[in-house]
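Residue strings, one per chain:
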Amino acid sequence: MILDRLARAVDDRLRLSPLTRKALAKVFPDHWSFMLGEIALYSFVALILTGVYLTLFFDASSADRVYHGAYAPLDGTTTSAAYASTVRLSWDVRAGLLIRQTHHWSALIFVAAILVHLVRIFFTGAFRKPRELNWLVGVTMLLLALANGFTGYSMPDDLLSGLGLRIIVSVVESVPLVGSWLVALGLGGEFPSDEMIPRLFVTHVLLVPAVLVALVSVHLAMVVRQKHSQFPGPGRTEHNVVGARFYPNYTLRSVALFLWVLAVLFALGGLVQINPVWLYGPFAPAQSTSPAQPDWYVAWGDGALRLFPPWEIHIAGHLVPAPFFPGVVLGGVTFLALYAWPFLERWCGGDRRAHQLLDRPRDHPVRMGVGVMALTFFAVLVVTAGDDILARLLRVPVYDLLNLLRVLVLVLPVLAGALAFLLARALRRGDAARLGELTRADLRAARQPADRGDAEAAADEPELPAPDRPGERVELWPDGDVWRWRYRDEPAGVAILSNRAVLTEQEAAESARLAYPGVDHVLVPGPPPPPLPGRVRTALRRWGNRALGVSLLVAALRQRRDRRRGGHGDGPDRR
Amino acid sequence: MGVRTYRSTRRWWHPGRTVVLGAALALAAGPAALAAPVAPTPSGSAAPAPNGTASTGARGEELFRQNCASCHGQQGQGSQRGPSLVGVGPASADFQLSTGRMPIAGEIPQPRRGEPVFSAEEIAALVDHVASFGGGPQIPRVQPGSLTAGRALYAANCAPCHGAAGTGAPLTNGWIAPPLYDATPVQVAEAIRVGPGLMPVFPSQVLTDEQVNDLTTYVRRLRAEHLDRGGNPLGRLGPLAEGLVAWIVALGLLVAAARWLGQRAGE
Ligand code: HEM
């Protein structure tokens, strides 16, 4: 009641109902891969929630502080306030370690989910016109997520992260001409400067998260505005979106996923140790530890630094320090390539039309090959970052391992890319539905170049209104004082109900024509009966009902027997 | 005594860690990684039972002749296959024998830790015999020291090789600085004073006896489970092991959840 009135009062003043009605009716495609981005979104929410708690206890300062607390090996030791407060958070603050670990696990999974989401977008061609802008926003968010992960990781001022920070500083310093100036500007002095931690802190908890929140909003707004893309399928065209409505179907699903994300993150935070800074000790410029790695999402950079041979490269008479190439150049090229990909593909492939239907990954073998090649390359780099761990476990010399990895990083990506290209082509030409069904003949055919005019040309044909597609029709009917319609394809067994009710028959016909151009309309008297539930469902429900009935009966009988015996102390109606 | 494998002696692998390590290895290097080398039975393992009538000196000499002389020479003067033991002292001999490093089996670049081949008395006799070659540090006496001082000393002197968390790390030529979770306090002190293999010697001018006590106290504490306050330590392998768990366990679960939810909607 009160809620109703409140809603009406707000609506009277802000006129939100047309907007919300539209938003609640937004349709989300059913395929699970459309929820990957949501995993990232919900990890971000978890990061903000846990981060706020950490901010209450974290002291972002490099001033001296004596730690007194439950961790005996550091009790009475003078360290930086940042480090001391992180150890306090871990050992002395109630729930501090749980929240700290959950924050860190969320960071790892946040970036991982963004990456998986990006891979999905990439291989299905969802970045094509008209969604290039959103691709740019997404890549920017990835960049910011990496930056925020790294600043957060560096703030506690422990030995391990301090070593990482020093490496990044030396990479920035290696930029010709402006390097040392950039470092001085960023740190406000030489490397372990007093300004460093406060600046990292402001960047980490304010600047980057604020930009991220803004970009997430833009990202989602664009998805709503442009509508979702979808995989091709019966009843799915370039002009419609088939799936679940935002409210209530999709909302429930999404809330369930949110709870899943929180459950997994907090379970990890409580059960699996991450970044035990108390063991690593406070950062001291003269000290080091080994093995030493950064978090996985920056490990590719670390791996590249380890792989790059110590060459002395002179450009225009200047010695360019070695970290410049694997550090600055590789990072720059990676993100430039990511930003530029939609445009590169358009220029090289000549496909300038807008797409609402997604590619299946196999539809575009070149994209497949390039993508797999890049992923393999970065995977090898991440493995390289762990060379010291591998060398210890395998008891092989680090240098031999590095030399092997130097070969692998050049060979493996090419092989994997070529293989992916061939497989995609074989899948597309042949009639195997999935990888396991490929035959040798398919593979052999894939090795020959395409004869013009095969699937490629066919797939590129713009969709025309179909004058008569047998079995397809649009049904319209009045429902109270509104009109509804649905699409039906009897041979394929598909029936898709439109998500919006309109006031006149004409409007209903128009929106049906937009979604399914050229399909015949028929008027039907009333809403069709709901589809029968699946067989398993029905059986389950029937058995459930029977079981319930039987157990009720048994309970009633037992109760009666108890009562007749006069009750033994705990009968329900004994006094 | 039977065949002994080095895998079975790696007790610093907790069961939980083994799973993760296994995953890491299998992922990064394939099954080859799991085939740990098997050590042949040491030649001296069938040493004669202690002989009540012989003095310890004779016993030590006999054991040495049977088990060590082939590499280190009859008088401990050294040979092609092993260095001279003249002047290494009792601490070194006790360290090598009580950690099961000596006698080494065959040609491996670095002697490895394992179950000691000899009993405590046999070790004492052998140590006495090696001591009779002259010189070298005595077996240190260890007392409880300060944890805090020990942590600082460890960070400054040992962490670059053994890792801040004591996990060990690779050095040059396929040598590794081993994990420190199995060493007893006396062995830690011996290692500090003797500098086995590629490890540097820390004589009393560098680390006083008191500092050695602090160090042994801290190293002993490092293996304590309750330092892993946050849960499963993942072998204390650091960020990459954590990343692996994030990808395989967490993201795996979440993608499965998304698939499940998507499927439920699609039916
Ligand atoms: C893009 C989102 C974010 C990422 C990727 C991220 C990542 C990280 C990481 C990896 C750490 C190191 C944790 C550790 O010590 O083990 C950290 C620490 C921290 N984060 Fe975040 N974070 C994010 C957002 C936030 C937000 C929004 C806040 C505050 C409102 C916050 C507050 C903190 C604080 C106070 C610390 C230091 C405490 C500590 O290290 O224990 N973070 N962050």
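Quick notes on the rules
- Residues numbered from 1 in each chain as written.
- Chains lettered and ligands numbered in written order.
- Predicted model: local features only at pLDDT ≥ 70, side-chain atom pairs only at ≥ 80, totals over all residues.
- Heavy atoms only, no water.
- Helix = DSSP H or I, 4+ residues; strand = E, 2+ residues; numbered from the N terminus.
- Buried < 20%, exposed > 50% of the residue type's maximum accessible area, 1.4 Å probe, protein only.
- Contact = heavy atoms within 4.5 Å.
- Areas by Shrake-Rupley, 256 points an atom, 1.4 Å probe, with all protein chains shown as cover.
- Lys, Arg positive; Asp, Glu negative; His and termini not counted.
- Charge placed at Lys NZ, Arg CZ, Asp CG, Glu CD.
- Pairing = 2+ DSSP bridges.
- Axes fitted to C-alpha atoms, helices over the stretch in contact; angles between N-to-C directions.
- UniProt positions renumbered as here; feature names shortened; annotations may be inferred.
- Buried area = accessible area lost by both parts, 1.4 Å probe.
- Salt bridge = Lys/Arg side-chain N within 4 Å of Asp/Glu carboxyl O.
- Polar contact = N/O pair within 3.5 Å; in protein donor to acceptor, adjacent residues only side chain to side chain.
- Patch = residues over 30% accessible without salt bridge, like charges linked within 9 Å, V, L, I, M, F, W, Y side chains within 5 Å.
- Parallel < 35°, antiparallel > 145°, perpendicular 65-115°, else oblique.
- Left-handed = near helix turned anticlockwise from the far one by under 90°.
- 1 Å grid on protein atoms, 1.4 Å probe; cavity = no way out; pocket = protein on both sides within 12 Å on 5 of 7 lines; lining within 4 Å.
- Points joined across faces, edges and corners; volume = space filled by probe spheres on them.
- Nonpolar A, V, L, I, M, F, W, Y, C, P; charged D, E, K, R; others polar.
- Core = buried A, V, L, I, M, F, W, Y, C linked by side-chain atoms within 4.5 Å.
- pLDDT = per-residue confidence, 0-100.
- Donors = N, O, S within 2.8 Å, 3.2 Å for Na, K, Ca; no water.
- Tetrahedral: all angles 85-135°; square planar, octahedral: opposite > 155°, others 65-115°.
- Near = heavy atom within 4 Å.
- Phe/Tyr/Trp six-rings, centres within 6.5 Å; stacked < 30°, edge-to-face > 60°.
- Lys NZ or Arg CZ within 6 Å of the ring centre and 35° of its normal.

J.: I'd like to hear about the overall build of chain B, residue by residue, with values.
T.: In terms of regular secondary structure, chain B is built from eleven helices and four strands. Taken over 267 residues, chain B has a buried fraction of 49%. Long-range contacts, defined here as pairs at least 24 residues apart, represent 63% of the contacts in chain B between residues at least 6 apart. For chain B, the accessible area works out to roughly 12400 Å², and carbon and sulfur atoms hold 57% of it.

J.: I'd love a proper account of the overall build of chain A, names of residues and values included.
T.: Looking only at helices and strands, one finds 20 helices and ten strands in chain A. Dimensions of chain A, computed from C-alpha atoms along their principal axes, come out at roughly 90 × 85 × 55 Å. Relative to its 575 residues, chain A shows a buried fraction of 43%. Within chain A, counting contacts between residues at least 6 apart in sequence, those at least 24 apart form 72% of the total. Summing over all exposed atoms, chain A offers an accessible surface of approximately 30700 Å²; the carbon and sulfur share of this is 65%. Between the mean site of the 60 positive side-chain charges and the mean site of the 50 negative ones, chain A shows a separation of 9 Å.

J.: Could you give an account of the sheet that holds strand 10 (residues 521–523) of chain A, naming the residues involved and the relevant values?
T.: All names here are of chain A. The sheet built from four strands is open, its strands ordered 9-8-7-10 with mixed pairing. Either end of the sheet is taken by a strand with one partner, and the two such strands are strand 9 (494–497) and strand 10. Adjacent strand axes in the sheet meet at a mean angle of 25 degrees when their direction is disregarded. Two strands pair when backbone bridges link them, and strand 7 (residues 472–479) and strand 10 are joined in this way by three bridges, in the parallel orientation. Counterpart to Leu 476 in the pairing with strand 10 is Leu 523.

J.: Help me get a handle on the UniProt feature "domain: Cytochrome b/b6 N-terminal region profile" (unreviewed entry) in chain A, residues and values and all.
T.: The UniProt entry lists residues 6–232 of chain A under the feature "domain: Cytochrome b/b6 N-terminal region profile" (unreviewed entry), expressed in the numbering used here. Annotated as 69% helix and 4% strand, the span residues 6–232 of chain A places its first and last C-alpha atoms 43 Å apart.

J.: Report on the interface of chain B and chain A, specifying residues and quantitative values.
T.: When the parts of a complex come together, some accessible area is lost, and that lost area is often taken as the interface size. Contacts between the two partners involve 69 residues from chain B and, on the opposite side, 69 residues from chain A. Roughly 5600 Å² of surface becomes buried between chain B and chain A when both sides are summed, with 69% attributable to carbon and sulfur atoms. Summed over the three residues of chain B that lose the most area to chain A, namely Arg 229, Leu 240 and Leu 254 of chain B, the buried surface amounts to 12% of that side. Linking chain B to chain A there are zero salt bridges. Between the two partners, chain B and chain A, sit 13 residue pairs in polar contact (both at pLDDT 80 or more). Contributing elements (two or more residues each) for the side of chain B that touches chain A: helix 2 (15–29), helix 7 (147–157), helix 8 (159–162), strand 3 (169–170), strand 4 (176–177), helix 10 (209–222) and helix 11 (239–266) of chain B. With 21 residues, the top contributor of residues to the side of chain B that touches chain A is helix 11 of chain B.

J.: So what about a positive patch on the surface? Which residues, and what values?
T.: Together, Lys 22, Arg 225, Lys 227 and Arg 500 of chain A line one region of the surface with positive charge. Since its relative accessible area comes to 42%, Arg 500 of chain A is described here as partly exposed.

J.: An account of the packing of helix 15 (residues 387–394) of chain A against helix 16 (residues 398–429) of chain A is requested, with residue identities and associated values reported.
T.: All names here are of chain A. Packing of helix 15 against helix 16 brings their axes to within 9 Å, and their N-to-C directions diverge by 120 degrees. The angle between helix 15 and helix 16 places the two elements in the oblique class. Judged by the sense of rotation from one axis to the other, the crossing of helix 15 with helix 16 is right-handed. Contacts between helix 15 and helix 16 pair Asp 387, Leu 390 and Ala 391 from the former with Val 398, Leu 401 and Leu 402 from the latter.

J.: Outline empty space enclosed by the protein, listing residues and values.
T.: What the rule picks out here adds up to four cavities of 30 Å³ or more. In this model, the largest cavity occupies a volume close to 110 Å³. The class makeup of the residues in the lining of the largest cavity is seven nonpolar, six polar and one charged.

J.: Tell me about the nonpolar core, and name the residues and values.
T.: Grouped together as the largest cluster of nonpolar side chains are 142 residues, with contacts concentrated most on Tyr 71 and Trp 105 of chain A together with Tyr 154 of chain B. If one sorts the elements of this core by residue count, helix 5 (residues 96–123) of chain A sits on top with 14 residues. Apart from the residues within four sequence positions on either side, Trp 105 of chain A is in contact with Leu 265, Leu 268, Gly 269, Val 272, Gln 273 and Ile 274 of chain A together with Leu 234, Glu 242, Val 245 and Ala 246 of chain B.

J.: Which residues make up the confidence of the model for chain A, and what values go with them?
T.: All names here are of chain A. Chain-level pLDDT for chain A is 86 on average; 92% of the residues reach the 70-or-more range. Looking across chain A, the model is least confident in helix 18 (residues 455–460), with a mean pLDDT of 44, and most confident in helix 5, with 97. Long-range and interchain partners of residues 452–466, a stretch whose pLDDT sits below 50, account for twelve contacts in this model, where long-range means more than four residues apart. Per-residue pLDDT stays below 50 along residues 567–575; that stretch engages in five contacts with residues further than four places along the chain or on separate chains.

J.: So what about the coordination of the iron atom of the ligand? Which residues, and what values?
T.: Residue and element names in this part refer to chain A. For the iron atom of the ligand, the full set of protein donor atoms is His 103 (NE2) and His 204 (NE2), and the range of their distances to it is 1.9 to 2.0 Å. Considering all six donor atoms around the iron atom of the ligand, the spread of angles at the metal, 88 to 179 degrees, places the coordination shape in the octahedral class. Note that His 103 is positioned in helix 5 and His 204 in helix 9 (residues 196–226), a separation of 101 residues in sequence. For His 103, a relative accessible area of 15% gives the class buried.

J.: Give a description of the site of the ligand that names residues and reports values.
T.: All names here are of chain A. Surveying the vicinity of the ligand reveals 28 residues, the closest of which are Arg 100, His 103, His 104, His 204 and Asn 275. The separation between an oxygen atom of the ligand and a polar side-chain atom of His 104 is 2.5 Å. At 2.9 Å from an oxygen atom of the ligand is found a side-chain nitrogen or oxygen belonging to Asn 275. Secondary-structure elements contributing two or more residues to the shell around the ligand are helix 3 (36–57), helix 4 (81–91), helix 5, helix 6 (132–154) and helix 9. Of the residues forming the shell around the ligand, the biggest block, seven residues, is contributed by helix 3.

J.: Hey, could you go over the pattern of salt bridges for me, with residue numbers and the actual values?
T.: Residues and elements named next belong to chain A. Taken as a whole and assessed by the stated rule, the structure comprises 17 salt bridges over all chains. Arg 199 is the partner of Glu 195 in a salt bridge, and the nearest nitrogen-oxygen pair spans 3.4 Å. Relative accessible area serves as the criterion here: at 34%, Arg 199 is assigned to the partly exposed category. Of the charged contacts in the structure, one is a salt bridge between Glu 475 and Arg 486, with a shortest N-O distance of 2.9 Å. With a gap of eleven residues between them, Glu 475 in strand 7 and Arg 486 in strand 8 (residues 482–489) connect regions that are remote in the sequence. With a relative accessible area of 4%, Glu 475 lands in the buried category. Look at the salt bridges and you will find they share partners, linking Arg 128, Glu 345, Asp 359 and Arg 367 into a network.

J.: Which residues make up the packing of aromatic side chains, and what are the values?
T.: Evaluated as defined, the whole model comprises 21 aromatic pairs over all chains. An angle of 70 degrees between the planes, with centres 5.9 Å apart, marks the rings of Phe 191 of chain A and Phe 283 of chain A as edge-to-face. Of this pair, Phe 191 of chain A sits in the loop between helix 8 (179–187) and helix 9 while Phe 283 of chain A sits in the loop between helix 11 (277–280) and helix 12 (296–307), and the two are 92 residues apart along the sequence. The class for Phe 283 of chain A is buried, based on a relative accessible area of 13%. Centre to centre, the rings of Phe 308 of chain A and Trp 311 of chain A are 5.7 Å apart; their planes meet at 75 degrees, and the pair counts as edge-to-face. Feature note: the residues Phe 122, Phe 123, Phe 127, Trp 135 and Trp 341 of chain A constitute an aromatic cluster, connected by ring pairs. In this structure, Arg 120 of chain A packs its charged tip against the face of Phe 34 of chain A, placed 4.3 Å from the ring centre. Directly above the aromatic system of Trp 91 of chain A lies the positively charged group of Arg 229 of chain B, at a separation of 5.2 Å from the ring centroid.

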